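Structural description and commentary
Here is what each chain is made of, one letter per residue.
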Amino acid sequence: MNGISSGFGAWNPIAWVLLFAGVFAIAALVRSLGRVDSKRNTGQSKVFLSGNDEPADLRGLHVRGDHLYWGMVEGLAGYYRRVRALHTGVITDYVAWFVGVLGLVFVILALVR
Amino acid sequence: MNALTVHAPVLLVAVPLLGAFATPLVGRFGRSARNVFVGSVILFTGALAGLMAAHVFGLGEPLVYVLGGADGFGVPLPSGMQVPVRILFEVDAMSAFMALITALVALAGTWYSFSYWRERSGGDLYHSLLLLLTAGIFGMELTGDMFNFFVFLEVTSIAACGLIGFRVWLKHSQEAGFKVMALYTLSGILVLLAVGLLYGEHGGLNIAYLASRVGGSLVDRIALGLLLTGLAMKAGAVPLHMWAPDAYGEAPAPTSAVLVANSQASLYGLFRILFTLYGATVSVGALGWILIAFALLTIAVGVTMALVQRDIKRLIAYSAVSQIGYMLLGVGVGLAVSVARPEFGRTAMHGGIFHMLNDAACIGLLFLASGAVIRASGTRDLNKMGGLAHRMGWTTGFFLIGALALAGVPPLNGFASKFLIYESSFRLSPILAVIAILASIMLLAVFVKVFQAAFLGPPPDGVTETPTGMLVPMAVLAVAVVLLGLFPGFFIDRLVAPAADALWSGRDIYIRAILGG
Amino acid sequence: MNVGNVPFVVAALLVVLGLYTFLFKRNLIKLVIGISLIETGVNLFLVALGYRTAGIAPIYTLAPAGRMVLPTPQALTLTSIVIGLATTALLLSFAVFVYRHYGTLDAGKIKELQG
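About the cut-offs
Residues numbered from 1 in each chain as written. Chains lettered and ligands numbered in written order. Predicted model: local features only at pLDDT ≥ 70, side-chain atom pairs only at ≥ 80, totals over all residues. Helix = DSSP H or I, 4+ residues; strand = E, 2+ residues; numbered from the N terminus. Rg over C-alpha atoms; globule rule 2.2 N^0.38 Å. Contact = placed C-beta atoms within 7 Å. Nonpolar A, V, L, I, M, F, W, Y, C, P; charged D, E, K, R; others polar. Domains from an automatic or database assignment. Expected span 1.5 Å × (residues − 1). Buried ≥ 20, exposed ≤ 12 C-beta atoms within 10 Å, placed from the backbone. Core = buried A, V, L, I, M, F, W, Y, C linked by C-beta atoms within 7 Å.

This part is about the overall build of chain C. Within chain C, the secondary structure is distributed over three helices and zero strands. Ordered by position from the N terminus, the helices and strands of chain C form the series α-α-α. Rg of the C-alpha trace for chain C: 19 Å, well past the compact-globule value of 13 Å for 115 residues, more than 25% over. Across its three principal directions, the C-alpha atoms of chain C cover 60 × 25 × 20 Å. Expressed as a percentage of contacts within chain C between residues at least 6 apart in sequence, the contacts between residues at least 24 apart total 54%.

The interface of chain C with chain A comprises eleven residues on the first partner and ten residues on the second. Take the side of chain C that touches chain A: its biggest share by element is three residues, from helix α1 (residues 6–24) of chain C. Considered class by class, the residues forming the side of chain C that touches chain A number six nonpolar, three polar and two charged.

A word on the domain arrangement of chain B. All names here are of chain B. What the domain assignment reports for chain B is domain 1 (1–273) and domain 2 (283–486). When each unit is reduced to the centre of its C-alpha atoms, the spacing between domain 1 and domain 2 is 23 Å. Listed per partner, the contact involves 31 residues of domain 1 and 34 residues of domain 2. Sorting the residues of the side of domain 1 that touches domain 2 by element identifies α3 (93–116), α8 (218–235), α9 (243–250) and α10 (253–277) as the ones contributing at least two each. Each residue belonging to the side of domain 1 that touches domain 2 can be placed in one class, and the counts come to 23 nonpolar, eight polar and no charged.

Contact residues are listed per partner, giving 39 residues for chain A and 50 residues for chain B. The leading source of residues in the side of chain A that touches chain B is helix α5 (residues 91–111) of chain A, at twelve residues. Class assignment for the residues of the side of chain A that touches chain B results in 27 nonpolar, eight polar and four charged.

This part is about helix α13 (residues 343–377) of chain B. Residues and elements named next belong to chain B. Given a rise of 1.5 Å per residue, 35 residues ought to cover 51 Å, and the 50 Å separating the end C-alpha atoms of α13 matches this to within 8%. In terms of residue burial, α13 counts as a mostly covered element, since 32 of its 35 residues are buried. The first or second residue beyond α13 is G378, which carries a positive phi of 75°.

Secondary-structure assignment places B:R167 in the loop between α5 (146–164) and α6 (171–202). Excluding residues within four positions of it along the chain, B:R167 makes contact with B:S173 and B:P252.

A few words on the nonpolar core. Counting residues in hydrophobic clusters, the biggest one holds 263 residues, and the most contacted among them are B:L12, B:A99, B:L365 and B:V481. With 19 residues, the single largest contributor to this core is α13(B).

Below you can see the structure in the form of structure tokens.
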């Protein structure tokens, strides 16, 4: 109906949404067959920390910004070391990149038909 | 209505320009008067853009507007030859499409900046510069004359740098302002040099006139190289992108959204020059692959640098840079095969052009949301914020929509355009699609990082929901994102396909509209 | 008299000198001077494009007979000079503010926005 198609395949978001709605309906059906006697905000919903109590101040537990993908960044450390070093922040380096790319484009344009 | 539509191309430039210069005067009467004035100017401009777009899409051929001449636009020389000498605006489907994007982003950004500037003074000059930037962007997109394009390019440079360095009490914004202005000026001068070279070689400045005469001579190629590099730098292609995180990061939040429209207008200029001005006179294979090389570098470096940023606005700026790569990839694939004209080239063009609209909406939404986040947490450092989702539900929802859409998660709009780009670039070379898909996944990782750092976690004290004046423009953009995602076929058939076809196969129609049969 | 290609050579020289200054000097004011040199070179190039040998000024009123130089490049150059004025003014004001904040005008030291 309003789907788009490329050479290989097609994509219809309405069909996708309907499919997901169907899946959610099945999930809701299964959920409604479960126990009805669990309550929120009682001891039943407490987090299990291997028998320990929840710490009083939760602020220290928040995994912030840089720490979230630390492993991935460490794995690409060689790449980042070089690429971050290239972003020097000095304006004359920016212009040097510009002139370099300009020269390269001139060479390419001079060589092609 | 008919008179408005006929004069719409020039009114789209004149009304914001006049509004820009009148705003400090109106601002004397108080903040509300200024807000009402600026709001009505930008609303009128947006309505005009929609009207003009409807007219041009229905017309099927470019709309030519002659500034200052109702009696034709040729001046006969003694030899009897007619030379188009007036400044002409030529609005074909691609220009109208870009005008729509600019209108959407400018509306959202201006509306947001009303409540952004409620607690501060100096908003008069800020809104004046914002209207000037909008006028310049419209001028770049609608003009059919190369020198006029240069003039509007410089107008946008000056307005954009004025906005970037607006908060003079901040150290970094001055550094960013100087760097960005120096680079914009350099690229502007080299664009002027290229325009001068083309004028000296062919004797005219009109794009259609030059297109009918340009060949592959040495002077043409030098001009092409200068224009290509200059405009690619203004659009933010790697390795010329290093000004972009400074610019988007240091500008006030609503300005960053309009600066993205500025970069896209430069990208539009690049496409106009490559497809319409030069056509197939210089080897399209080489040009297409130059664009694809830029695109791959941009996609890869943009998203990997985004992962390690600590400042939220610089992070979103790097992801904006990487999305420019997707547009370059789609259109580069289209350019590379535009002589043989296989069907996947047209699909690639559709994907690239559609991504311009999607990216403008998503990145605009993300920058506005980041403004709200910075206001609520008082810091820009991702390592110091947290827990905003507890009290700012709306902002969280809008940020989530924008982030998921940009990362290409179905059923939002980013997926639709990226789907077209993946499938068509795969036909040209599988590596292109592989790098694009991997970068999309990494972009999702980047936004998970931002979401986790800013919104999840224990709630801080004293956080309230964003003011409604800031929420409504975000809501408008979010609704646009969702609608574009749920009905991509409709928007592609009505908006994107005419625009992409105007570039892909509309060169002769463009030339004929001015030079006649 | 026939000037040949001398104006174009001089314009190219100015552009190259300006680019050299922009690339290799460290003082912000010298960078702005470099940009100004490039602008001057391009303006000279534009004016030289319109020159026709032994041409007179392109004014029709009481004009003597003979060839006129092209008027369009002169209009382009005027516009470009004005734009150059605006951009140089903006660049210099940014340089003033940068000096106030950083205390130095050395481009190699003004690199807090990096990475």
